[in-house]
Amino acid sequence: MAEEPEGRNRLLQDVLVRPGNGTCADCGNPEPEWASLTLGVFVCQACSLLHRSIPHISRVKSVQEPWDAGEVELVASTGNNAAKAKYEQKVPAFYYRPIHSDCKMLREQWIRAKYERKEFEFIEKQEPYSAGYREGFLWKRGRDNGQFLSRKFILSEREGALKYFNKQDARDPKAMMKIETLNATFQPAKIGNPCGLQITYLRDNSTRNIFVYHSDAKEMVDWFNAIRAARFHYLQVAFPGASDEELVPKLTRSFMKEGFMEKTGPKHTEGFKKRWFTMDDRRLMYFKDPLDAYARGEVFIGSKENSYTVLSGLPSSTQGHHWSHGITIVTPDRKFLFACETEAEQRDWISAFQRVINRPMRPQEYAVEAHFKHKP
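Residues numbered from 1 in each chain as written. Predicted model: local features only at pLDDT ≥ 70, side-chain atom pairs only at ≥ 80, totals over all residues. Heavy atoms only, no water.

### Points about the UniProt feature "domain: PH" (unreviewed entry) in the chain
Line of reasoning, step 1. UniProt feature "domain: PH" (unreviewed entry): in the numbering of this structure it lies at residues 131-232 and 254-358.
Line of reasoning, step 2. In the segment residues 131-232, helix accounts for 20% and strand for 45%; the C-alpha atoms at its two ends are 13 Å apart.
Line of reasoning, step 3. The distance from the first to the last C-alpha atom of residues 254-358 is 19 Å, and the span holds 14% helix and 38% strand. (UniProt positions renumbered as here; feature names shortened; annotations may be inferred. Helix = DSSP H or I, 4+ residues; strand = E, 2+ residues; numbered from the N terminus.)

This is the structure we're talking about:
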């Protein structure tokens, strides 16, 4: 006798509460409401849309729809934990596993890498980002005119650097970026390209930005993970006793907060100017334009134990700001005054500053603070 639909749905609910099935198989979002009937995994709505882009690999269905007995049996016989053991069996420690809030391109390439390309079942498929050397062409934004031009990039773990060349036959690179200070973060909205990557590095203790993209999403994610691999191997040598769990969070980082604020100079008598601000760990940088190569200035944000505080509002004598939601950052040297356009932005910035100030400084951060030149 055929099973009643209600009984089948009850069986499906039983499968959903099994260990591993309570979060999305691909991004970890809780309470997935979709399943891949072909792969036997439960996924969130956002990832289900990405599964639809590989219909030859994955066919998705909502858990709210009626299911037949064969479909229930398939997901019951697999499930997220079994699929993970198969499709993620050889994910390198340095490889970035996207989360729900990451950009669509990163999440889609993770899904394709697992199920379509089977990169984590066959180690030889990881060559593009595991070899310790990578070269190729990326579109790089010109510093002066804002045009994207094709540039040759070479990442070499042996040389400890990422470099690029302005001319194809050039012997000397235009820039050498040490792996020691390298960071990369996807910025599709800011760069105006779904594969847009912002690379930052330090030169003379100041931050430099370069903005790149590639028309092939896999190529761009391979570059990103090659940078992470190079950073991982560098840190393994620099901190020989550290575990993978300690090193992986240090490979690349997203910015804590970005956006426009108004600022005034050190005397607090100059008019406020609108600037783009980026909070990168303890460095608060400001730029005239979000895609500038160099910061106009950088402010070190220490901890409360070292007399750094953030206050809502501005001193009563302050003049010249158009935006009314003020923030004062007090450092051992001086006060920095900022103004936000909305109360929500003010709240978000204060929260970001507070998170940094509440965190005790690490020994190496004292050296950064000592080198830091507060620029007006």
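### Quick word on the pairing of strand β13 (residues 283-287)
Sheet faces and side chains relate simply in a regular strand, where the side chains alternate between the two faces.
Line of reasoning, step 1. With five of five residues buried, β13 lies mostly within the body of the structure.
Line of reasoning, step 2. Side chains R283, M285 and F287 of β13 all project onto a buried face; the interleaved residues L284 and Y286 project onto the opposite face, where all are buried too.
Line of reasoning, step 3. One ladder, built from five bridges, connects strand β12 (residues 273-280) with β13; its direction is antiparallel. The residue bridging F277 from the neighbouring strand is Y286, located in β13.
Line of reasoning, step 4. Adjacent in sequence and paired antiparallel, β12 and β13 are bridged by two residues, among which D281 carries a positive phi angle near 55 degrees. (Buried < 20%, exposed > 50% of the residue type's maximum accessible area, 1.4 Å probe, protein only. Pairing = 2+ DSSP bridges.)

### Comments concerning the pattern of salt bridges
Line of reasoning, step 1. Taken as a whole and judged by the stated rule, the model has 20 salt bridges.
Line of reasoning, step 2. The salt bridge partner of K114 is D26, with a shortest N-O separation of 2.7 Å. A residue pair is termed long-range when its members are at least 10 positions apart, and K114 in helix α5 (residues 104-116) and D26 in the loop between α1 (5-16) and β1 (34-36) qualify at 88 residues.
Line of reasoning, step 3. Taken together, the salt bridges that share partners define one network made up of D281, R282, R359, R362 and E365. (Salt bridge = Lys/Arg side-chain N within 4 Å of Asp/Glu carboxyl O.)

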